[in-house]
Amino acid sequence: MKLYIFKELFNGEERLFNQSIITDGEKIIWTGDSDSDEISTFTISETIDMSDNFVMPGLIDCHVHLASIDRAPTNAIGWAQTTINALDKLKKLMTAGVVACRDLGSCEGVTIGISNAQKCGELEGLPKLISSGKALTATGGHGYEIGVECDGVDEFTKGARLVIKEGADIVKVMMSGGVNSLGEEQGPPEVNQEEIDAAVREAHARGRKVAVHAHGNTAIKRSVLAGVDSIEHGVFNSEDIMKLMIERGTFLVPTLCAPYYATVEGIRREPDNPDHKKSKAILEIHNKATLKAFSMGIPLAMGTDAGCPFNPHERAFYELVLLHNIGIDTADVLKIGTKNGAILLDQDQLGMIAVGKEASFIALSKSPFEDFNAIEGPKDVWIKGTKIQ
Ligand SMILES: [Zn+2]
């Protein structure tokens with residue numbers, strides 16, 4: 001058994017001082033005050049003194065892309081490279097403090113192979129991967145290059161069954177175009193009500209949650225009415241739909257990093273690309289809708305959309321900085337990055353530093369409660385009781 005002594009702890013719910021934990025293998029078996037008499041009742045083989053550190057549960061990134069999102073490789077050499085690149089991105093997420101992530105669409109569902117390997121006990125020391133495999137999309141719809149094109153109730157029914165057969169842990173549906181797609185409204189709907197109803201029915205019947213890419217108001221509304229589990233992005237959301245999301249317990253994964261990097265990095269690197277300029281106008285709308293959703297009580301979870309243009313896996317923690325910048329307080333931001341993600345991804349063993357949970361946590365040299373930018377600093381990372389970096 002190992003004893004860890006911390007200066008300051010965020011346990012997934014609250015900020016505490018002068019705390020210690022005891023681990024046995026992968027699990028946390030005791031937590032409490034560092035001066036508690038109970039500690040002497042355990043047989044401690046090693047004491048890790050971190051009395052200068054701030055410690056919190058490892059981050060959970062509910063929206064990443066680990067393998068090429070525009071086109072699939074054409075031969076075996078390309079596939080080998082793509083898989084190794086995906087593993088490298090998983091490692092980069094770990095360096096950012098991430099201990100679990102959800103891939104919401106990668107070419108040919110290559111990430112299912114990685115999550116299957118993890119289910120067999122392989123690839124220890126990397127973040128746990130939950131994978132959607134291929135996303136369902138309308139013919140020619142958003143992300144069709146790497147998705148399963150479906151039209152009509154029968155094809156959405158079959159599409160959901162197909163990705164689950166291939167090993168998807170979750171079903172991803174592209175409900176709308178991008179923010180800059182042509183259409184009657186921004187983020188135009190591409191999937192109709194009956195179609196998303198069918199996908200949700202099939203996924204839920206097989207114990208899988210549904211995450212939808214939805215920017216526009218109509219697409220968000222149809223998704224919530226269908227009973228999806230999380231709205232990804234949710235840029236043009238409105239109060240009437242937010243009320244519905246509260247009633248139904250629908251999560252919002254705003255992915256503030258996606259427009260942030262598209263705008264800031266995009267304009268810097270490609271100053272003449274009109275898409276980047278349009279993204280800038282969307283930023284303010286997205287920030288307001290996210291803060292409104294949080295204020296109304298919609299559960300938020302952290303998702304970066306890392307793997308999209310200019311959006312680096314190794315800076316996944318920056319999503320928390322952006323959530324803090326829009327006006328969400330420190331404790332709530334850290335909860336969004338940890339406990340809430342564990343709930344959305346059904347990873348009950350993660351998201352908190354508490355008895356019975358996995359010893360997967362991160363240590364920082366400074367406290368984000370003193371200066372939120374501390375979250376950007378170097379991190380020590382433990383996964384399942386083992387220090388990885
Ligand atoms: Zn995405």
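Structure first, text after, so check above.
Residues numbered from 1 in each chain as written. Predicted model: local features only at pLDDT ≥ 70, side-chain atom pairs only at ≥ 80, totals over all residues. Heavy atoms only, no water.

Visitor: Explanation requested: the sheet that holds strand β6 (residues 98-103) in the structure shown.
Guide: Strand pairing in a sheet relies on backbone hydrogen bonds. The paired strands run either parallel or antiparallel. Taken in spatial order, the three strands line up as β5-β6-β7 in an open sheet, and their pairing is parallel. One side of each edge strand has no neighbouring strand; the edge strands of this open sheet are β5 (59-64) and β7 (128-131). With direction set aside, neighbouring strand axes in the sheet form an average angle of 15°. Pairing geometry for β6 and β7, over four bridges, is parallel. Across the sheet, the residue bridging to Ala 100 is Lys 128, located in β7. Each of β5 and β6 touches helix α1 (residues 76-95); the most contacted strand, β6, lies at about 135° to it. (Pairing = 2+ DSSP bridges. Helix = DSSP H or I, 4+ residues; strand = E, 2+ residues; numbered from the N terminus. Axes fitted to C-alpha atoms, helices over the stretch in contact; angles between N-to-C directions. Contact = heavy atoms within 4.5 Å.)

Visitor: For this particular structure, what's the right way to read the layout of surface pockets?
Guide: To find leftover empty space, a probe the size of one water molecule is rolled over the atoms. In this structure, the largest pocket spans a volume of roughly 900 Å³. As for the largest pocket, its lining consists of 34 residues, of which His 142, Gly 178, His 213, Cys 308 and Pro 309 are closest to the centre. Ranked by the residues each element gives to the lining of the largest pocket, the list is headed by helix α8 (residues 274-296), at five residues. A per-class count over the lining of the largest pocket returns twelve nonpolar, 17 polar and five charged. Size it by volume and the second largest pocket reaches roughly 440 Å³. Listing elements by their share of the lining of the second largest pocket, those giving two or more residues are β6, α2 (111-119) and β7. Residue composition of the lining of the second largest pocket, by class: eleven nonpolar, eight polar and ten charged. (1 Å grid on protein atoms, 1.4 Å probe; cavity = no way out; pocket = protein on both sides within 12 Å on 5 of 7 lines; lining within 4 Å. Points joined across faces, edges and corners; volume = space filled by probe spheres on them. Nonpolar A, V, L, I, M, F, W, Y, C, P; charged D, E, K, R; others polar.)

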